[in-house]
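Take a look at the letters that make up each chain.
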Amino acid sequence: MSFRQFPATDSNGESRIIIEFKPEDASAKDQRAEPRYELEDGRVLVRSGREFVTPGGDVRLSI
């Protein structure tokens, strides 16, 4: 698994860090291996285009 970090801004204008985890063994045959996104504190994020939101909706970020 590999990962990268990138900056985002929350709905209050505060800077946050999103961590993207990608499976390294994602072969061309298995295109279902989607990246996973988390906040720096480990909370899961769901991506929709350039926006990310926690499942409960308490944090909303944009890149």
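What follows covers the nonpolar core. Buried together is how nonpolar side chains tend to be arranged in soluble globular proteins. Counting 9 residues, the largest nonpolar core consists of Phe6, Ala8, Ile18, Tyr37, Leu39, Leu45, Phe52, Val59 and Leu61. For this core, the elements supplying multiple residues, two or more each, are strand 1 (2-10) and strand 3 (36-39). Each residue touching Ala8, except ones within four places of it in the same chain, is listed here: Glu14, Ser15, Arg16, Ile18, Leu61, Ser62 and Ile63.

Where charged atoms from two side chains of opposite charge approach closely, those side chains can pair. The tally for this structure, following the rule as stated, stands at 6 salt bridges. A salt bridge links Glu40 to Arg16; the nearest nitrogen and oxygen atoms lie 3.3 Å apart. Residue Glu40 is located in the loop between strand 3 and strand 4 (44-48), and its partner Arg16 is located in strand 2 (residues 15-22); the two are separated by 24 residues in the primary sequence. On the basis of relative accessible area, Glu40 is assigned to the partly exposed category, the value being 44%.

This part is about the side chain of Arg16. Of the residues examined, Arg16 reaches a relative accessible area of 17% and is grouped as buried. Looking at Arg16, its side chain comes within polar contact range of the side chain of Glu40, at 3.3 Å. Sequence-distant contacts of Arg16, defined by excluding residues within four places in its chain, comprise Phe6, Pro7, Ala8, Asp10, Leu39, Glu40, Arg43, Val59 and Leu61.

Reading the values: rules and limits
- Residues numbered from 1 in each chain as written.
- Predicted model: local features only at pLDDT ≥ 70, side-chain atom pairs only at ≥ 80, totals over all residues.
- Heavy atoms only, no water.
- Core = buried A, V, L, I, M, F, W, Y, C linked by side-chain atoms within 4.5 Å.
- Buried < 20%, exposed > 50% of the residue type's maximum accessible area, 1.4 Å probe, protein only.
- Helix = DSSP H or I, 4+ residues; strand = E, 2+ residues; numbered from the N terminus.
- Contact = heavy atoms within 4.5 Å.
- Salt bridge = Lys/Arg side-chain N within 4 Å of Asp/Glu carboxyl O.
- Polar contact = N/O pair within 3.5 Å; in protein donor to acceptor, adjacent residues only side chain to side chain.

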